[in-house]
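Report on the structure
Now for the letters of each chain:
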There are 2 protein chains.
Amino acid sequence: MLSKNTVKFIKSLHQKKYRVESGKFFVEGEKSVLEVLQSSFTVDLLLVTQEFATKHAKVLSGVQAEVGYVTANQLEQVGQYQSNDAALAVVQMKPNQGFTPLKGELILALDEVRDPGNLGTIIRIADWYGIKKIIFYTQTVEFYNPKVIQSSMGSFTRVQFYYGDLVQAFQAWKLPVYGAFLEGESIHQLTNPAPGVLLLGNESQGISKEVEKWVSSKVTIPSFGNAESLNVAIATAIFCDNFKRLVHP
Amino acid sequence: MLSKNTVKFIKSLHQKKYRVESGKFFVEGEKSVLEVLQSSFTVDLLLVTQEFATKHAKVLSGVQAEVGYVTANQLEQVGQYQSNDAALAVVQMKPNQGFTPLKGELILALDEVRDPGNLGTIIRIADWYGIKKIIFYTQTVEFYNPKVIQSSMGSFTRVQFYYGDLVQAFQAWKLPVYGAFLEGESIHQLTNPAPGVLLLGNESQGISKEVEKWVSSKVTIPSFGNAESLNVAIATAIFCDNFKRLVHP
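Residues numbered from 1 in each chain as written. Chains lettered and ligands numbered in written order. Predicted model: local features only at pLDDT ≥ 70, side-chain atom pairs only at ≥ 80, totals over all residues. Heavy atoms only, no water.

**Focus on the confidence of the model for chain A**
Detail in the predicted coordinates should be disregarded across regions flagged by low pLDDT. To be explicit about the condition: By definition, pLDDT measures how confident the predictor is in each residue, and it falls between 0 and 100.
Of the residues in chain A, 99% reach a pLDDT of 70 or more, and the chain-wide mean stands at 96. Here the prediction assigns the complex a pTM of 0.94, and the interface score ipTM is 0.93.

Have a look at this one:
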């Protein structure tokens, strides 16, 4: 059974205003829900279909959260997926806490990425390349946006992140900052870069003037054709790939 | 003025059925329309705002197509952009003609990519890396889908492509085929690969068994973390980047 109030509450979490107010967000689909259940996030409420419950009885047996049994239809009614025959979880946000890079660690910094699909894809890329810490400039799209969660494909559970002032962080960390620019040293020419921060900018404006001052190396993805630019998630992937190829901590 | 019939016709081109029937598709937005006007595509009808016409008078002076002056509102009514204060073009499809790779050329092959956003992004990536020829397995999403056109950011005008049988093409070309797999030789370990075909598979199924038989080298993007996979457009970018770094025709 799904009460009217629960339906109303989960639907309210589609909007940022109510996510911020309640400190909660939702996760949907089999893979993502399984990942969040096995992560350091606290799940408050778990809605599952009988099929999901049977298939993942072992995972469910360890769940502390309130569990409700629902139909696929009900999941689709409260969530954003057109089709969801598995599960939906209401999850507590984590506090926005700063972090300190470890020695030899590569850190990702995003200066105001605006598109939730791009942010989710970037989180998935970071997770692929073993980058565990991401700093977002305050104006970056909200991590808990359902489209970010969805496109991260579960990787949102494995990165540590905070929203804050990039300049303050760069000052405190005293690490080399590699900024992605359309003009700079080719990443194919880099030799033995020191571990540090990979910084990517906004979809249309790139890295802001204020933050640019703290970039120690301007680097670029060499172009061999005529496209004017690459999507920011694509650029992030190519940066991570080249740095991981070169940096061996 | 925009006749009811013209509105109806352009709106019909939102659907594949009518695109195929008429052999036409549409392109919207300032950048993409400018690119298609200066490409080898034949534009049949061009709708422009007064602002666009004034700004790009020089380009327009060379246009052979019928030109209609419209408002932003009318553009948004017939197209798919939420906001378009520039232009929309109705363009003729090109015949589906095979091509022969040049000596030393890198070719991209897609085995059934299904998402139009992915295909458009892949076309933009190919254009960035100077890859001029792409072969699509017949079941790949339609090149002229408005979302493909949109996400290619004008790059659709600069690639030669055809839909056909991959196996037949590989047999005819006698080139090395590098297939993207989750298990294979790391692209970071490749040394002096010969120019040939970069092959990527479907979003969830990867490369089909039938096509896999014709892969000469299985290659993979090394993972340093825990994400299970990468999006196919992201994988294409990383493949292109590594091959362009290594292959110097």
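**Quick word on the relation of the copies chain B and chain A**
Cut-off, in case you're wondering: To line up the copies, we fit them by least squares on C-alpha atoms, keeping just the residues with pLDDT of at least 70 in both. Any two residues whose heavy atoms approach within 4.5 Å are treated as being in contact.
Turning chain B through 180° and shifting it by 0.0 Å along the axis lays it on chain A, with an RMSD of 0.0 Å. Taken together, the rotation and translation relating the two chain copies correspond to the operation of a two-fold axis. Looking at the interface residues of chain B, 100% of them are also at the interface in chain A, so both copies use one shared face.

**Looking at the pattern of salt bridges**
Pairs can form between side chains of opposite charge once their charged atoms are near each other. Formally: A carboxyl oxygen of Asp or Glu within 4 Å of a side-chain nitrogen of Lys or Arg is what we treat as a salt bridge. Each helix is a run of DSSP H or I of at least 4 residues and each strand a run of E of at least 2, with the numbering of both proceeding from the N terminus. The cut-offs for exposure are 20% and 50% of the maximum accessible area for each residue type, with area from a 1.4 Å probe on protein chains only; residues under the lower value are buried, those over the upper are exposed, and the others partly exposed.
Applying the stated criterion across every chain yields a total of 24 salt bridges over all chains. Note that Arg-158 of chain A and Glu-35 of chain A form a salt bridge whose closest N and O atoms lie 2.4 Å from each other. Taken together, the residues span a long stretch of sequence, with Arg-158 of chain A in the loop between α8 (146–151) and β7 (160–164) and Glu-35 of chain A in helix α3 (residues 30–37) at a distance of 123 residues. Classification of Glu-35 of chain A by relative accessible area gives buried; the value is 14%. For Glu-212 of chain B, the salt bridge is made with Lys-209 of chain B, and the minimal N-O distance between the two is 3.5 Å. In this pair, Glu-212 of chain B and Lys-209 of chain B both sit in helix α10 (residues 209–212), 3 residues apart, roughly one turn of the helix. Classification of Lys-209 of chain B as exposed rests on a relative accessible area of 66%. Each of Lys-31, Glu-35, Asp-127 and Arg-158 of chain A together with Glu-228 of chain B takes part in salt bridges that share partners, so that together they form one network.

**A look at the side chain of Asn-84 of chain B**
Residue and element names in this part refer to chain B. Cut-off, in case you're wondering: Here a polar contact is taken to be a pair of N or O atoms separated by no more than 3.5 Å, where protein atoms must pair a possible hydrogen donor with a possible acceptor and residues adjacent in sequence count only if both atoms sit in side chains.
Looking at the secondary structure, you find Asn-84 in the loop between α6 (72–78) and β4 (87–92). Residue Asn-84 is classed as buried on the basis of its relative accessible area of 3%. Polar contacts involving the side chain of Asn-84 include one to the main-chain amide nitrogen of Ala-86, which spans 3.0 Å.

**With respect to helix α9 (residues 166–173) of chain A**
Residue and element names in this part refer to chain A. Test applied: What the arc covers is the set of directions going from the helix axis to the C-beta atoms.
All of the buried residues in α9 are Leu-166, Val-167, Ala-169, Phe-170 and Trp-173. Along the axis of α9, the buried residues cluster in a sector spanning 160°; they form a single face. Exposed residues on α9 whose side chains face more than 90 degrees from its buried face are Gln-168 and Ala-172. Looking at the buried positions of α9, the neighbouring elements they touch are β5 (107–110), β6 (133–137), β7, β8 (177–186), β9 (197–200) and α10 (209–212).

**Notes on the interface of chain B and chain A**
Stated precisely, the cut-off is as follows: Two parts lose some accessible area (1.4 Å probe) when they are put together, and adding that loss for both gives the buried area. The residue classification treats Ala, Val, Leu, Ile, Met, Phe, Trp, Tyr, Cys and Pro as nonpolar and Asp, Glu, Lys and Arg as charged. All others, Gly included, are polar.
The partner chain A presents 34 residues to the 34 residues of chain B that form the contact. Overall, the association of chain B and chain A removes approximately 2900 Å² of surface from exposure, summing both partners, and the carbon and sulfur fraction of that is 62%. Looking only at chain B, the three residues that lose the most surface to chain A are Arg-124, Trp-128 and Phe-224 of chain B, adding up to 25% of its buried area. Linking chain B with chain A are 2 salt bridges. Glu-228 of chain B is the partner of Lys-31 of chain A in a salt bridge, and the nearest nitrogen-oxygen pair spans 3.2 Å. If you list the elements that add at least two residues to the side of chain B that touches chain A, you get α3 (30–37), α7 (116–128) and α11 (232–246) of chain B. Considering each element in turn, the side of chain B that touches chain A owes the most residues, 8 residues, to α11 of chain B. Class assignment of the residues belonging to the side of chain B that touches chain A gives a composition of 14 nonpolar, 10 polar and 10 charged.

**Brief notes about the environment of Gly-154 of chain B**
With respect to the helices and strands, Gly-154 of chain B occurs in the loop between α8 (146–151) and β7 (160–164). Beyond its immediate stretch of four places on either side in the chain, Gly-154 of chain B contacts Ser-32, Glu-35 and Ile-149 of chain B.

**Some details on the pairing of strand β2 (residues 43–48) of chain A**
Residues and elements named next belong to chain A. Operational definition: What makes two strands pair is DSSP finding at least two bridges between them.
For β2, the buried fraction is high: 5 of the 6 residues fall into the buried class. Where β2 meets strand β4 (residues 87–92), 5 bridges bridge the pair, whose relative direction is antiparallel. When the bridges of β4 are listed, Leu-47 appears paired with Leu-88. Here β2 pairs with strand β3 (residues 66–69) via 4 bridges, running parallel. Directly across from Val-48, in β3, lies its bridge partner Tyr-69.

**A word on the pairing of β4 of chain A**
All names here are of chain A. Where burial is concerned, most of β4 is hidden: 5 out of the 6 residues are buried. With 5 bridges connecting them, strand β1 (residues 24–28) and β4 associate as antiparallel partners. If you follow Lys-24 over to β4, its bridge partner there is Gln-92.

**Let's talk about the sheet that holds β8 of chain A**
All names here are of chain A. Put simply, the rule is: Structural elements are reduced to axes, namely lines fitted to C-alpha atoms, with helices fitted over the stretch in contact, and the angle between N-to-C directions of any two is expressed from 0 to 180 degrees.
The strand order β7-β6-β5-β9-β8-β10 describes an open sheet built from 6 strands, whose pairing is parallel. Because the sheet does not close on itself, it has two edges, and the strands there are β7 and β10 (217–220). Strand-to-strand, the axes of this sheet are offset by a mean angle of 35°, without reference to chain direction. With 5 bridges joining them, β8 and β10 adopt parallel strand pairing. Following the sheet pairing, Ala-180 is matched in β10 by Val-219. Here helix α7 (residues 116–128) sits on the sheet in contact with β5, β6 and β7, set at roughly 170° to β5.

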